[in-house]
Amino acid sequence: MGIHTPEFPYERDRAAVAAHVREQGLGFSHLLDNDQKYWRALGNEYWPALYLVDRCGTIRSVTVGEIHLGEASGRKMAAGIEELLGEDPPCPS
């Protein structure tokens, strides 16, 4: 899931963000965090920041900065995703 926390006023427009998501070919859900509630809930200080969250809702890793496929950053993120997808533990009660 992508979470877009706008920096500029024009980035708050839902239709514009949806169009940009389509243009970029991002085929996953996006949340528009106009009031920065999600940003603050995570204690986030960086943009961009990418969080890998497991099936139980636990943040397993945080990456600050852009991720590029084919580069070390992209390979590391892909490996983290594959690791999470390969896990099958039950969530704690």
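From a predicted model like this one, the values you see are computed outputs, not experimental measurements. (Residues numbered from 1 in each chain as written. Predicted model: local features only at pLDDT ≥ 70, side-chain atom pairs only at ≥ 80, totals over all residues. Heavy atoms only, no water.)

J.: For this particular structure, what's the right way to read the side chain of Asn44?
T.: Tracing the sequence through the fold places Asn44 in the loop between helix H2 (37-41) and strand S3 (49-53). Looking at Asn44, the relative accessible area reads 12%, which means it is buried. A polar side-chain atom of Asn44 sits 2.9 Å from the main-chain carbonyl oxygen of Tyr46. Discounting chain neighbours no more than four positions away, the residues touching Asn44 are Trp39, Ala49 and Tyr51. (Helix = DSSP H or I, 4+ residues; strand = E, 2+ residues; numbered from the N terminus. Buried < 20%, exposed > 50% of the residue type's maximum accessible area, 1.4 Å probe, protein only. Polar contact = N/O pair within 3.5 Å; in protein donor to acceptor, adjacent residues only side chain to side chain. Contact = heavy atoms within 4.5 Å.)

J.: Help me understand a nonpolar patch on the surface in this model?
T.: A cluster of nonpolar side chains, contributed by Tyr46, Val53, Ile59, Val62 and Val64, occupies part of the molecular surface with about 430 Å² of accessible area. If you tally residues by element for the nonpolar patch, the top one is strand S4 (residues 59-64), at 3 residues. Mapped onto the elements, Val62 comes out in strand S4. (Patch = residues over 30% accessible without salt bridge, like charges linked within 9 Å, V, L, I, M, F, W, Y side chains within 5 Å. Areas by Shrake-Rupley, 256 points an atom, 1.4 Å probe, with all protein chains shown as cover. Salt bridge = Lys/Arg side-chain N within 4 Å of Asp/Glu carboxyl O.)

J.: Got a minute to help me understand the pattern of salt bridges in this structure?
T.: Oppositely charged side chains may form a pair once their charged atoms are brought near each other. Enumeration over the complete set of coordinates arrives at 3 salt bridges. Taking the shortest distance from any N to any O, the salt bridge between Lys37 and Asp35 comes out at 4.0 Å. The exposure class assigned to Asp35 is partly exposed, which follows from its relative accessible area of 42%. For Asp54, the salt bridge goes to Arg60, with nearest N and O atoms at 3.0 Å. Residue Arg60 is classed as partly exposed on the basis of its relative accessible area of 38%. By sharing partners, the salt bridges in this structure join Asp54, Arg60 and Glu87 into a single network.

J.: Mind showing me how you'd approach the layout of surface pockets here?
T.: Summary: where empty space remains is shown by rolling a probe the size of a single water molecule over the atoms. In this model, the largest pocket occupies a volume close to 1600 Å³. Looking at the largest pocket, it is lined by 37 residues, and the ones nearest its centre are Gly2, Ile3, Phe28, His30 and Leu50. Put simply, the parts of the chain that give the lining of the largest pocket at least two residues each are strand S1 (2-4), helix H1 (14-23), H2, S3 and helix H3 (72-86). Counting residues per element, the lining of the largest pocket draws most heavily on S3, at 5 residues. Residues belonging to the lining of the largest pocket are distributed by class as follows: 25 nonpolar, 10 polar and 2 charged. What the second largest pocket holds in volume is close to 190 Å³. (1 Å grid on protein atoms, 1.4 Å probe; cavity = no way out; pocket = protein on both sides within 12 Å on 5 of 7 lines; lining within 4 Å. Points joined across faces, edges and corners; volume = space filled by probe spheres on them. Nonpolar A, V, L, I, M, F, W, Y, C, P; charged D, E, K, R; others polar.)

The values are spatial; any link to function lies outside them.
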